[in-house]
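# Understanding the architecture of this molecule
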Protein chains: 2
Amino acid sequence: MSARNDTTDERLESWVPVARDSDFPLQNLPFGLFEDGGGAPRIGVAIGDRVLDCRAIAEAGLLEGICDAALLEAPLLNPLLAAGRPVWRPLRALLSALLREGGDARLLDAGAEHFLHDRNRVRMRVPMEIGDYVDFYSSIEHATNLGRLFRPNAEALLPNWRWLPVGYHGRASTIVIDGTPVRRPSGQRKPPEAATPEFGPSRRLDIELEMGFVTGPGNALGTAIPVAEAREHIFGLVIVNDWSARDIQAWEYQPLGPFLGKSFATTISPWVVTLDALEPFRAQGPRQEPQPLEYLRCDEAWAYDISLAVDLQTEAMRARGAAAQTISRTNYRELYWNIAQQLAHATANGAVARPGDLFASGTISGAEPGAQGSLIELTWNGERAIQLAGGEPRAFLEDGDEVTLRGWCERAGARRIGFGEARGRVTA
Amino acid sequence: MSARNDTTDERLESWVPVARDSDFPLQNLPFGLFEDGGGAPRIGVAIGDRVLDCRAIAEAGLLEGICDAALLEAPLLNPLLAAGRPVWRPLRALLSALLREGGDARLLDAGAEHFLHDRNRVRMRVPMEIGDYVDFYSSIEHATNLGRLFRPNAEALLPNWRWLPVGYHGRASTIVIDGTPVRRPSGQRKPPEAATPEFGPSRRLDIELEMGFVTGPGNALGTAIPVAEAREHIFGLVIVNDWSARDIQAWEYQPLGPFLGKSFATTISPWVVTLDALEPFRAQGPRQEPQPLEYLRCDEAWAYDISLAVDLQTEAMRARGAAAQTISRTNYRELYWNIAQQLAHATANGAVARPGDLFASGTISGAEPGAQGSLIELTWNGERAIQLAGGEPRAFLEDGDEVTLRGWCERAGARRIGFGEARGRVTA
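These numbers come from a predicted model, not from an experiment.

## Overview of the overall build of chain A
- Secondary structure assignment for chain A yields 11 helices and 26 strands.
- In terms of overall dimensions, chain A has C-alpha extents of about 70 × 55 × 40 Å along its principal axes.
- Across the 428 residues of chain A, 65% fall into the buried class.
- Long-range contacts, defined as pairs at least 24 residues apart, comprise 73% of the intrachain contacts of chain A with a sequence gap of at least 6.
- Side-chain charges in chain A split into 44 positive and 56 negative, and the spacing between the mean points of these groups amounts to 3 Å.

## Brief notes about the pairing of strand β13 (residues 209–215) of chain A
All names here are of chain A.
- By the criterion of burial, β13 is predominantly enclosed, with seven of the seven residues buried.
- Here β13 shows a buried face lined by Leu209, Met211, Phe213 and Thr215 and a second buried face lined by Glu210, Gly212 and Val214.
- Pairing of β13 with strand β14 (residues 234–241), which is carried by seven bridges, proceeds in the antiparallel orientation. The partner of Gly212 across the bridge, within β14, is Val238.
- Both β13 and strand β22 (residues 358–360) contribute to a ladder of three bridges, which runs antiparallel. Opposite Gly212, over in β22, you have Ala360 as the bridge partner.

## Things to note about the interface of chain A and chain B
- Counting residues at the interface gives 57 residues for chain A, matched by 57 residues for chain B.
- Taken over both partners, the interface formed by chain A and chain B buries close to 5300 Å², and the fraction arising from carbon and sulfur atoms is 63%.
- Among the residues of chain A in contact with chain B, His169, Leu256 and Phe259 of chain A are the three that bury the most area, contributing 15% of the side total.
- Our enumeration of links across chain A and chain B arrives at two salt bridges.
- Remark: the boundary between chain A and chain B carries 28 residue pairs in polar contact (both at pLDDT 80 or more).
- Taken together, the elements giving at least two residues each to the side of chain A that touches chain B come down to β6 (133–136), β7 (167–170), β10 (186–189), β11 (198–201), α7 (246–252) and α10 (339–347) of chain A.
- The element best represented in the side of chain A that touches chain B is β7 of chain A, accounting for four residues.
- Its residues placed into classes, the side of chain A that touches chain B shows 32 nonpolar, 16 polar and nine charged.

## A look at the sheet that holds strand β26 (residues 417–427) of chain A
- An order of β9-β26-β25-β20-β21 (chain A) is seen for the five strands of this open sheet, with the pairing classed as mixed. Here the strands that pair on one side only, and so sit at the sheet edges, are β9 (182–183) and β21 (325–331) of chain A.

## Some points on the nonpolar core
- Among the nonpolar cores identified, the biggest contains 160 residues, and Leu278, Ile306 and Tyr332 of chain A together with Leu278, Ile306 and Tyr332 of chain B are the most heavily contacted of them.
- Among all residues touching Leu278 of chain A, those that are not within four sequence positions of it are Leu237, Val273, Tyr304, Ile306, Cys409, Ile417 and Phe419 of chain A.

## Details of the relation of the copies chain A and chain B
- You can overlay chain A on chain B at an RMSD of 0.0 Å; the transform is a turn of 180° with a shift of 0.0 Å along its axis. Such values leave the two copies arranged in the relation of a two-fold axis. Taking the C-alpha atom as reference, chain A places Gly257 of chain A closest to the rotation axis, 2.1 Å from it.
- Taken as a fraction of all interface residues of chain A, those also at the interface in chain B reach 100%, which identifies the copy contact as same-surface.

## Considerations on the state of the cysteines
Residues and elements named next belong to chain A.
- If you walk through the whole model with that rule in mind, you get zero disulfides over all chains.
- Looking at the unpaired Cys54, the closest cysteine sulfur is the one in Cys67, lying at 9.5 Å.
- Here Cys409 stays free of any disulfide, with the sulfur of Cys298 as its closest cysteine sulfur at 19 Å.
- Since its relative accessible area comes to 0%, Cys409 is described here as buried.

## Re the sheet that holds strand β2 (residues 42–47) of chain B
Residue and element names in this part refer to chain B.
- One open sheet holds the five strands; their spatial order is β4-β3-β2-β1-β5, and the pairing between them is antiparallel. If you trace the sheet from one side to the other, it starts and ends with β4 (116–118) and β5 (123–125), each paired once. Mean inter-strand twist for the sheet, computed between neighbouring axes without regard to direction, equals 50°.
- With four bridges connecting them, β2 and strand β3 (residues 50–53) associate as antiparallel partners. Each bridged residue has a counterpart across the sheet, and for Ala46 the counterpart in β3 is Val51.

## Details of the confidence of the model for chain A
- Per-chain confidence: chain A averages 96 in pLDDT, with 99% of residues scoring 70 or above.
- Quick note on the complex model: pTM equals 0.97, ipTM equals 0.96.

## Regarding the side chain of Glu252 of chain B
- Tracing the sequence through the fold places Glu252 of chain B in helix α7 (residues 246–252).
- Buried within the structure, Glu252 of chain B lacks any salt-bridge partner; Lys262 of chain B is the closest side chain of opposite charge, at an N-O distance of 8.6 Å.
- Excluding residues that lie within four positions of it along the chain, Glu252 of chain B makes contacts with Asn160 and Leu164 of chain A together with Gly257, Pro258, Phe259, Leu260 and Gly261 of chain B.

## Some words on unusual backbone geometry
- Cis geometry marks the peptide bond from Gln254 of chain B to Pro255 of chain B; its omega dihedral reads 0°.
- As for its placement among the helices and strands, Pro255 of chain B is situated in the loop between α7 and β16 (266–268).
- Phi is positive for Asn381 of chain A, close to 65°, though the residue is something other than glycine.
- Among the secondary structure elements, Asn381 of chain A is positioned in the loop between α11 (375–378) and β23 (386–387).

## Some thoughts on the pattern of salt bridges
Residue and element names in this part refer to chain B.
- Throughout the structure, instances matching the rule amount to 80 salt bridges over all chains.
- A salt bridge links Arg406 to Asp311, with the shortest nitrogen-to-oxygen separation between them at 2.7 Å. Remark: Asp311 occurs in strand β20 (residues 307–313) and Arg406 occurs in strand β25 (residues 402–409); sequence separation between them is 95 residues.
- Residue class for Arg406 comes out partly exposed when judged on its relative accessible area of 23%.

## Remarks on the side chain of Thr363 of chain A
Residue and element names in this part refer to chain A.
- Mapped onto the elements, Thr363 comes out in the loop between β22 and α11.
- Among the polar contacts listed, one links the side chain of Thr363 to the side chain of His142, at a separation of 3.4 Å.
- Aside from chain neighbours lying at most four places away, what touches Thr363 is Ser139, His142, Glu208, Leu209, Glu210, Gly373, Ser374 and Glu377.

## Looking at helix α4 (residues 85–99) of chain A
- Taking 1.5 Å per residue, 15 residues should reach 21 Å; α4 of chain A reaches 21 Å between its end C-alpha atoms and fits that length.
- With respect to burial, α4 of chain A is a largely interior element, 11 of its 15 residues being buried.

## Comments concerning the environment of Glu289 of chain A
Residue and element names in this part refer to chain A.
- Note that Glu289 resides in the loop between β18 (282–283) and β19 (303–304).
- For Glu289, a relative accessible area of 45% corresponds to the partly exposed category.
- Sequence separation of Glu289 and Ala346 is 57 residues, and the distance between their C-alpha atoms is 21 Å.
- In this structure, Glu289 is in contact with Arg162 and Tyr336, ignoring residues within four places of it in sequence.
- Here the side chain of Glu289 touches Arg287 through a polar contact of 2.9 Å, side chain to side chain.

Rules of the game
- Numbers given for residues are sequential positions, taken from 1 along each chain in its written order.
- Just so you know, chain letters begin at A and ligand numbers begin at 1, following the order they were written in.
- Since the coordinates come from a predicted model, pLDDT governs what is reported: local features require at least 70, and pairs of side-chain atoms require 80 or more to be given and counted, while whole-chain, interface and lining totals use all residues.
- Neither water nor hydrogens contribute to the side-chain values; these are computed over all heavy atoms in the structure.
- Elements are defined by DSSP. Helices are runs of H or I of four residues or more, strands are runs of E of two residues or more, and each kind is numbered from the N terminus.
- To sort residues, take the accessible area from a 1.4 Å probe on protein chains only and compare it with the maximum for the residue type: under 20% means buried, over 50% means exposed, and anything in between is partly exposed.
- In what follows, a contact means two residues having at least one pair of non-hydrogen atoms within 4.5 Å.
- Residues counted as positive are Lys and Arg, residues counted as negative are Asp and Glu, and His and the chain ends are not counted.
- Charge placement uses NZ in Lys and CZ in Arg. For Asp and Glu, CG and CD serve respectively.
- Should DSSP find at least two bridges between two strands, the strands are taken to pair.
- Joining two parts hides part of their accessible area as seen by a 1.4 Å probe, and the buried area is that hidden amount summed over both.
- When a carboxyl oxygen of Asp or Glu lies within 4 Å of a side-chain nitrogen of Lys or Arg, that pair is called a salt bridge.
- Any pair of N or O atoms that falls within 3.5 Å is considered a polar contact. Within protein, one atom must be able to donate a hydrogen and the other to accept it, and sequence-neighbouring residues count only if both atoms are side-chain atoms.
- Lys, Arg, Asp and Glu make up the charged group, whereas Ala, Val, Leu, Ile, Met, Phe, Trp, Tyr, Cys and Pro make up the nonpolar group; the residues left over, Gly among them, are polar.
- The set of buried Ala, Val, Leu, Ile, Met, Phe, Trp, Tyr and Cys residues whose side-chain atoms join them within 4.5 Å is what this entry labels a nonpolar core.
- Alignment of the copies relies on least squares applied to C-alpha atoms, considering only residues that score at least 70 for pLDDT in both.
- Pairs of cysteine sulfur atoms within 2.5 Å are what we label disulfides.
- Think of each axis as a best-fit line through the C-alpha atoms, taken over the contacting stretch in the case of a helix, with angles from 0 to 180 degrees between the N-to-C directions.
- You can read pLDDT as the predictor saying how much it trusts each residue, on a scale of 0 to 100.
- Between the first and last residue of a helix there are one fewer steps than residues, each counted as 1.5 Å, and that sum is the expected span.

Okay, here's the thing in structure tokens:
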């Protein structure tokens, strides 16, 4: 594991009040896009219960010597993403200094309130224009479970799985921000016993707990991004809920893969947590056997120790004032294929990654009971419904169900940082 | 078949000289994006061997009463696509009148040369920002052939195929314009007899002859575009070459579909031919059996009679000055699923189509020998190489091979219109 950089030192404190269990201490500084009242969306950085207004920082001339002010005055993260690590790192150092107790006093001197918004008052937006959205399938437990469920008469894990990070393209136009309602999709489904398919609302609506990385500068057509250069091209991570209609998916997905069973909505958390902030939580991933081919080999520790949880709150729970119930807990560290390998693979054929592309992990499932990132696994194809507190059973999602995905990092010697939430409520 | 509109009347002639066999008579008026020397790309309309400069038309105030000048001053087609048919139709009528012998004389009065560029001097660009790229699989002959080749021990046509237009998402970032060189992609491949996969340049590089439609205004999240409204949302068609590395594809594609075997390059022709121009060439598609589900039913004739050809010129042919050789001829009319059904299906789950999305047909293959849109079909998985004039055999593409896809419409009582070319040369 490489040395921590000083912006992650756990002793650092901000002059902005930050609760001990906040997702957003000074060590985090994730980037998002917010609106506060009218006007164009602005780039912001979460700090405690506030949002630092990056446009105001730029307009105050505080970026001089760091980067072009236009990068933070833009109504999207893409120009900043395109600028790459030579800008990301000094910018992070500046923001850390400006918000630090005993640091660069220019913000305080200029009147701090001018630069801060209340996080519970702003409205978050999808922070970048996502040119292409790729979804991998990198959890060996998930791929094995889905293989057993979708292809019961064949080997669960296909022969290619341990050789390459299997993935496919998803629909970028339906990536939505935390809190966006998810309308139950209609589509074709054909139960095994039916003679012909029928069209109607999905009866097997599911979630997929994932993390996704957001790309920086990207590559030129016909060139690849080797594993060793991945760090220059990955800005940070978000939580992803790849909502899935299992009945639509099961009927449509052969031979070209998932299409309408997935394309109706994908929810992301609003704050992109940078690799720099995640540095103290780097970890060794699982041993890869067989050894990957040369272009997928990496010596560095490329896993991240990120705790993940899925919370479910039903209509009935809300009606009686009951809190959401956690139905799954797992960890991102367990993924078989890491983000450097995913990016190297996705560009190995010369395909272009652009600033702001999203590459999601695929469902993250652990080996233990209750550590699966989808209902189809947790309930084994709906056969073993989850019994919620209050006596409600859940095989798949019902109208009114609200699902919240959460992610956070904790370890001794480091300040806890978090990702916030990716939340969505199912509507009829 | 609905009545022709007057802009397609075969008797109309332009004051711009147009050869009888030109792809671009006054009846066509396709839209593209061009650069002539420096400066931002401009929207243009092809007429004979010239390009009408739409930005100049806008700047001259000729759009008054038709649409906002900004739509044609934009450096991309997207704003015009978003404006929809209430703008497309009067705009087409205006352009037809301005270019017509004996029509609206304002262009001629203002000095026609100011508005015209030489088509062989301009550089064409991908005309729109393509938010999402979907590729269908709508030729029954192609799907049957590929089923036989990729799954020799199973039913060639899967059970879902006659019930829904099977499709998947491709990579938007690597859609390139006619003439862009295509670098042979590297990737993992595992011949059946090999124990482990290896990484290297594809040895089975192929083309796929397709047509794609470009969307107009699009729909809001959670709503669908019914078949009956498809015409309001489809601007026009282009030729598509969905380059495919068959060895990479065969190893990677289970279970989530094609990924790196396709994502390295997709070539489109530069001129978007509008549905209005194609009106005289509407045709009945094949009978669909079983009858499609309600949401896919359509009464209108939604096929188009478009002749298609694949030309191949090898390095050796170029060296001896030989012309390209046509290796396949087919027709777009044969597609089982039509574009209204494709769009209705792709949005049936509430997924968003945005202005400028590209939906490709999938490989277009006919039933007769020599009417297949890919080498893997024409050579039956490379087993029966094509013998080119000059004695060269071709199973899959070699470095230096140049492939040109062409499309055109011809019938008695209508002026011939064409799509131009989608051309690409394979580099090492």
